[in-house]
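An overview of the molecular structure
The primary structure of each chain is shown beneath.
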Amino acid sequence: MNSLPSVVLAVLVASVCSLLISFYWRAPVKSQLPPGPRPLPVIGNLLDIPKIRPWEVYRELSRKYGNLISLQVFGRTLIVVDNHDTAVDLLDKRSSIYSSRPPSNTVDLCGWGWDFAFMPYGPLWRAHRRVLSPHLSRDGVSMFNDYHATNAHRLLQRLLSTPDRLVDHVRLAIGATLMKAVYGLEITDEYIKLFANAFSSSDILLNGSILDFLPFLAHVPTWLPGTAFLRRLAYYREVVPAMRDIPWMDAKAAISRGGAPVSLASASVENIAQLKGDDAVKQDEICRNALSLAYGGRYRADAHRGRQTYATLCAFFVAMSLYPEVQQKARAELDAVVGPSRLPTQADRDNLPYVDAVIKETLRWHNATPLLIPHFSTADDHYNDFLIPANSVILVNAWSILHDPEMFPEPDKFVPERYLTDGRPNATVSDPATVIFGYGRRICQGRYFAEAALFTCIASVLHTLDISLPLDGDGRPVRKEPSISTDLVTHIEDCRCTIKPRSASAEALIRSPG
Ligand code: HEM
């Protein structure tokens, strides 16, 4: 939490105390809530909420108290779900009351209030989602297959020339495909800078701030000492909307010049053209917001859509460097189905069950949003004799569900075979996609797009490149256990590996114009 002047802190502490006292006075009968660690007076369970890799600590709490636990923080109930069926029961089957997002002054003050991934459930949120639905549906995303193929090929070429810049190349490949599909624009350094500036606010979105509880502190003059945090928020109120507005204006200008490629922007412009007056103005605003969300696709809902896909792809490279036998099996399948003279395409996907299993295992082994994105309940609910009060924040511990040794034996190992039986998909094993893309009405809208991007890049890389452990200064391979960052969208901190073409003919294929 960020520092504030001492007078302000005194006011703050007094206000928090009175809020908490009034909360506890009105608190529901404790025994009705799902179990959890005993809250302390005044601060509740604040000390039980971990800052580093919270999903691991929540799992320990769930082992102790059960797979539905509750904690109290500043008068709010936090429910942590550590079981897929319970998550489906609540967020899916009772989605009419579990589909909102926690309200947050910090999100507004940070310039993200327009982002529909943060919006409360309701007609405005639905209007934003409708903009993306037709193009991001299972069938709709196929119109972007060529964009995926082009950018996967460019990724291979970049990896061939500067393999040590793996993370930059992966980020660019995913960003370029999204930029083209969403706006019909080629990605440039200017756009990358716009997105990087805006998304450097993700730590604030992840942690929230005291302003969520004491909004009047936002009005403290920023020349006072200790108000650097407020100045940071003011900076984001400028740069975040710029990230949303500039690509939308550029896309509209390109479309009106004629000849712009098919994109979500071109479809939106067509749709706006059917409307008149205020309706057209409102729809323009909704499309502008919705498309920007699609680019970032991130969390606290979307600062990270691209990031989730890129973090997953980076994890794939690390996994392959640690599991060369997986690469060999995938290559054997690709050689048989695709052959040496072309790169794999979406049309090959159904015939490549092992490659598909590699993708599933990548999504499970390193799921980029371990606690998904919080939902918020809008009415009291009774579930298995427990009360889940209205206005509870609901977290699903996706990391724990996907590392449950009963569902996924030896969960820390990368084992694509777990999804197959006799070389065909094994329907009795859960598909990690049913967890990692979230639940109910807020389920990730970009999941088919993300899966297509991952398939094209992963199949192309396996078909042409050999990935092995990074080398130390003396040329010896270095084997390191992957370490995961704590962030809204987590990534493996050190993704270095050695990347080479797997054969002379693979190198020629990469160098071909495509
Ligand atoms: C591997 C890649 C991705 C992962 C793991 C992922 C995961 C998620 C998760 C967990 C949520 C929250 C679901 C919930 O609240 O229950 C979400 C929301 C969302 N995602 Fe993704 N996502 C990915 C890529 C993308 C991409 C590429 C796009 C856009 C093309 C996208 C668009 C969205 C949108 C629009 C939402 C907000 C939905 C709402 O609040 O109504 N995602 N994503």
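Residues numbered from 1 in each chain as written. Predicted model: local features only at pLDDT ≥ 70, side-chain atom pairs only at ≥ 80, totals over all residues. Heavy atoms only, no water.

- An unreviewed UniProt entry lists the chain under the name Cytochrome P450, with Lentinus brumalis given as the organism.
- Under Subcellular location (unreviewed entry), UniProt gives the following word-for-word description of the chain: "Membrane".
- Per UniProt, the chain carries the Pathway (unreviewed entry) text "Secondary metabolite biosynthesis." (UniProt positions renumbered as here; feature names shortened; annotations may be inferred.)

1. A short note on the overall build of the chain
- Counting secondary structure elements, the chain contains 19 helices and ten strands.
- Taking the contacts inside the chain whose residues are at least 6 apart along the sequence as the reference set, 73% of them involve residues at least 24 apart. (Helix = DSSP H or I, 4+ residues; strand = E, 2+ residues; numbered from the N terminus. Contact = heavy atoms within 4.5 Å.)

2. Some points on the coordination of the iron atom of the ligand
- Counting protein donors to the iron atom of the ligand gives just one, C444 (SG), placed at 2.3 Å.
- Along the chain, C444 falls in the loop between α17 (433–436) and α18 (447–464). (Donors = N, O, S within 2.8 Å, 3.2 Å for Na, K, Ca; no water.)

3. Brief notes about the confidence of the model for the chain
- Mean pLDDT over the chain stands at 88; residues scoring 70 or higher make up 90%.
- Segment residues 297–304: pLDDT under 50, and 46 contacts once partners within four positions in sequence are set aside and those in other chains are kept.
- The ipTM value of the predicted complex is 0.99, and its pTM value is 0.89. (pLDDT = per-residue confidence, 0-100.)

4. Quick look at the pattern of salt bridges
- The tally for this structure, following the rule as stated, stands at 24 salt bridges.
- Taking the shortest distance from any N to any O, the salt bridge between E186 and K180 comes out at 3.2 Å.
- Here D348 and R342 are joined by a salt bridge, their closest N and O atoms 2.9 Å apart.
- Among the residues examined, R342 registers a relative accessible area of 32% and is labelled partly exposed.
- In the salt-bridge network here, residues are joined through shared partners; they are R154, K180 and E186. (Salt bridge = Lys/Arg side-chain N within 4 Å of Asp/Glu carboxyl O. Buried < 20%, exposed > 50% of the residue type's maximum accessible area, 1.4 Å probe, protein only.)

5. Observations concerning unusual backbone geometry
- Its identity is not glycine, yet N391 carries a phi of approximately 70°, on the positive side.
- Among the structural elements, N391 can be located in the loop between β5 (386–388) and β6 (393–396).
- Residue N391 is classed as partly exposed on the basis of its relative accessible area, which comes to 45%.
- The phi dihedral of E410 falls on the positive side, at around 45°, and the residue is not glycine.
- Structurally, E410 is set in the loop between α16 (398–402) and β7 (420–421).
- Its relative accessible area of 52% is what places E410 among the exposed residues.

6. So, a nonpolar patch on the surface
- On the surface, a cluster of nonpolar side chains totalling about 280 Å² of accessible area is made up of L40, L46 and L47.
- Here L40 lies in the loop between α1 (6–26) and α2 (54–65). (Patch = residues over 30% accessible without salt bridge, like charges linked within 9 Å, V, L, I, M, F, W, Y side chains within 5 Å. Areas by Shrake-Rupley, 256 points an atom, 1.4 Å probe, with all protein chains shown as cover.)

7. Topic: helix α6 (residues 145–161)
- Under the 1.5 Å per step criterion, the end-to-end length of α6 is 25 Å for 17 residues, consistent within 8% with the ideal 24 Å.
- Those residues of α6 not exposed but buried are Y147, H148, N151, A152, H153, L155, L156, L159 and L160. (Expected span 1.5 Å × (residues − 1).)

8. Observations regarding the layout of surface pockets
- Counted as a void, the second largest pocket has a volume near 830 Å³.
- If you go around the second largest pocket, you meet 36 residues; those closest to its centre are R138, R349, D431, Y448 and E451.
- Secondary-structure elements contributing two or more residues to the lining of the second largest pocket are α3 (84–92), α15 (353–365), β8 (424–425), α17 and α18.
- Within the lining of the second largest pocket, the residues separate by chemical class into 16 nonpolar, nine polar and eleven charged. (1 Å grid on protein atoms, 1.4 Å probe; cavity = no way out; pocket = protein on both sides within 12 Å on 5 of 7 lines; lining within 4 Å. Points joined across faces, edges and corners; volume = space filled by probe spheres on them. Nonpolar A, V, L, I, M, F, W, Y, C, P; charged D, E, K, R; others polar.)

9. Focus on the pairing of strand β2 (residues 76–81)
- Counting buried residues along β2, five of its six residues qualify, which places the element largely inside the surrounding structure.
- When strand β1 (residues 68–73) meets β2, the two strands line up antiparallel, connected through six bridges. Residue pairing for β2: L68 is matched across the bridge by V81.
- Once β1 ends, the chain turns through two residues before running back antiparallel as β2, passing F74 with a positive phi of about 45°.
- Bridge count for β2 against β6 is four bridges, and the pairing is parallel. Counterpart to V80 in the pairing with β6 is L395. (Pairing = 2+ DSSP bridges.)

10. Remarks on the packing of α6 against helix α7 (residues 166–183)
- It is the contact of α6 with α7, at a shortest axis distance of 9 Å, that shows an interaxial angle of 160°. Viewed along their axes, α6 and α7 adopt a mutual orientation that is roughly antiparallel. Both α6 and α7 take part in a crossing whose hand is right-handed. Of the residues in α7, those in contact with Y147, H148, N151, L155, R158 and L159 of α6 are L166, H169, V170, L172, A173, A176, T177, K180 and A181.
- Residue composition of the contact of α6 with α7, grouped by class: nine nonpolar, four polar and two charged. (Axes fitted to C-alpha atoms, helices over the stretch in contact; angles between N-to-C directions. Parallel < 35°, antiparallel > 145°, perpendicular 65-115°, else oblique. Left-handed = near helix turned anticlockwise from the far one by under 90°.)

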